[in-house]
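Each chain is listed here by its residues.
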Amino acid sequence: MVKYDESSIKILEGLEAVRKRPGMYIGSTDKRGLHHLVWEIVDNGIDEVINGYGNYIKISLNKDGSVTVSDEGRGVPIGMHESGKSTPEVIYTILHAGGKFTEAGYKVSGGLHGVGASVVNALSKRMDVTIYRDGLISNITFENGGHVKEKLHTIGKTNKTGTTVTFLPDPEIFKSTQFSFTTIAERMQESAFLLSGLTIEVIDEIDNKNVKYHYENGLVSFIDYMNENKTPLHKVINFSGTKQGIEVEIAMQYTNSYSEEILSFVNNVKTSDGGTHEVGFKTGITKVFNDYAKQNNLVKGKDSVFDGSDVREGLSAVINLKVPEELLQFEGQTKGKLGTPEARTATENVVYDNLQFFLEENKEIALSIIEKAQKSKLAREAARKAREEARNGKDDIHRGKEAGPDHRIRTFPRGYLPGASDNIRRYSNHIRCTATDPGSPEEPESGRDCELYGGDVTVIKVNSTIKMNLPKIRELTDAQTYALGMTAEALHTEVVQAQVFPRDTGNMQNESTFVDHSQVRQGKVSIVSTTPY
């Protein structure tokens, strides 16, 4: 039996808890956790920039596997702390020690728990900190998880200010200690977008790479970068405002794509998992577009209300908040999600007020966005109806008045178009083929081939049941074919490549043939299939 008594209770002193359970502090010990060490140190320099101290940060990937982060902020205080230790030693070796718990040192910061620098030290085999402050160059070094190797001492004089931190991750903690230049460069580019005027340089001494980022137009440049391979519907919409002490800046732009891309940041920290600010943003744009559409008689009735996904289709947006220390609430040390309740209402109000004014002043842009939302709504409702019909089992053979007594209608299962390519089979929701030749064979039994020939009419359910000759497929709009996951032209191409019979035969053929676009345009073919259904 396992012994469990008072001797089983252990107290982890100092940074031992971090080394014992690193995932609690950096999320994991894989590549993501490894790079989180860099973000923790860089964020300290970013906090200096946010508060008006310095405008340059440099990150170097050194040949020995270590990383060096330098900023031009005020520099870590170098005086003696009331605990009897030097202030740098307190900051880099004691959890929950830092200058971001009050507004005295930082009005706005990404730091919240006072554990960032000390956690990096705890998970490093070696750390070296050089401080430029008060006219002096001071240095302190650590080894083996935060143990002081050389106490704080002066190594020279200087006229500049800032802090330089070099650390080497502990291979006993991390599965891999090789940093990715691309990962770091992408993250630093985002920071440069968020802080206009900031210059960030990333150097890879191993592979001799060097990039430098600087953007005067901030979030507008960010959106231009996000949409460089898309077709925008209008110029970037950029606005800002302050509510409840929270500064909100938004940049957004609609494109002709069908997907949304929303990035959010709080005090320059990327909130990959969203949070209250993203909820407020989505609520605000949904409300403002619904109100605008109703006020301008673009929609009628409660059933015509846009869903959130309708107004976000094709949207690229960046949400950037600066939240005061007393309101800042992240969920977890990795800061992936914002929990500040006030951020939701602040973001929603700023978005609604500014976007409403923009739409009133830019009617043409407003109408184009509303039109895109309406198409998205039609496609969403079509997909919902298709799901309902599939669940109701409408895959039987039907005889109905719409086809007449001599017309037989086969309703194929959802996601299946006989004789067409896999692309159509995968995306189609509901396809009906009607044979109109009264002299056609009897209904094939279950498991036999379906041979439809000589038919004048193809019934395709996209947004609604549409009867048409095959050439009419070319008249389908993108909005109608959206439910199939493709453009009208793509649908036309797929159907043309399906198995077909020449229409002018009037009789069943032994072999199917392929036809070109000209035959389709001339109305000489009808969709048929020899594929089992």
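Just so we're clear, the structure is a prediction, and the values are computed from it rather than from any experiment.

Chemist: What exactly am I supposed to notice about the pattern of salt bridges here?
Modeler: Side chains that differ in sign of charge can pair as their charged atoms come close. For the structure on display, the rule yields 14 salt bridges. The shortest N-O distance in the salt bridge between Asp64 and Arg126 comes to 3.0 Å. Remark: Arg126 occurs in strand E3 (residues 124-133) and Asp64 occurs in the loop between strand E1 (56-61) and strand E2 (67-71); sequence separation between them is 62 residues. The salt bridge involving Asp134 is made with Arg133; its shortest N-O contact spans 3.8 Å.

Chemist: Would you mind going over the packing of helix H6 (residues 181-194) against helix H7 (residues 219-226) with me for this structure?
Modeler: For any two helices packed against each other, one specifies the crossing angle of their axes together with the interaxial distance. The interhelical angle for the contact between H6 and H7, taken along N-to-C directions, is 135°, at an axis separation of 7 Å. Compared by their axis directions, H6 and H7 come out oblique. Along the contact surface, H6 presents Gln189, Glu190, Phe193 and Leu194, while H7 presents Leu219, Ser221, Phe222 and Tyr225. Classifying every residue of the contact of H6 with H7 gives five nonpolar, two polar and one charged.

Chemist: Sorry if this is basic, but what is going on with the pairing of strand E8 (residues 209-214) here?
Modeler: Looking along a regular strand, one sees side chains alternate from face to face of the sheet. Pairing of strand E7 (residues 199-204) with E8, which is carried by six bridges, proceeds in the antiparallel orientation. Following the sheet pairing, Ile200 is matched in E8 by Tyr213. If you look at the hairpin formed by E7 and E8, you'll find four residues sitting between the two strands, and Asn208 has a positive phi there, around 55°.

Chemist: Looking at this model, I keep getting lost on the packing of aromatic side chains. Mind explaining?
Modeler: A ring pair, where both rings are aromatic, is described by two values, the distance of the centres and the angle of the planes. Counting across every chain of the model gives seven aromatic pairs. Where Phe193 meets Phe222, the ring centres are 4.5 Å apart and the plane angle is 15°; that geometry is what we call stacked. Of this pair, Phe193 sits in helix H6 while Phe222 sits in helix H7, placing them 29 residues apart in sequence. Members of the aromatic cluster, connected to one another through ring pairs, are Phe193, Tyr215, Phe222, Tyr225 and Phe265.

Chemist: What is the right way to look at the environment of Val42 in this model?
Modeler: Residue placement: Val42 occurs in helix H3 (residues 31-50). With 27 residues separating them along the chain, Val42 and Val69 place their C-alpha atoms 6.6 Å apart. The residues contacting Val42, other than those within four sequence positions of it, are Ile57, Ile59, Val69 and Met188.

Conventions we followed
- Residues numbered from 1 in each chain as written.
- Predicted model: local features only at pLDDT ≥ 70, side-chain atom pairs only at ≥ 80, totals over all residues.
- Heavy atoms only, no water.
- Salt bridge = Lys/Arg side-chain N within 4 Å of Asp/Glu carboxyl O.
- Helix = DSSP H or I, 4+ residues; strand = E, 2+ residues; numbered from the N terminus.
- Axes fitted to C-alpha atoms, helices over the stretch in contact; angles between N-to-C directions.
- Parallel < 35°, antiparallel > 145°, perpendicular 65-115°, else oblique.
- Contact = heavy atoms within 4.5 Å.
- Nonpolar A, V, L, I, M, F, W, Y, C, P; charged D, E, K, R; others polar.
- Pairing = 2+ DSSP bridges.
- Phe/Tyr/Trp six-rings, centres within 6.5 Å; stacked < 30°, edge-to-face > 60°.

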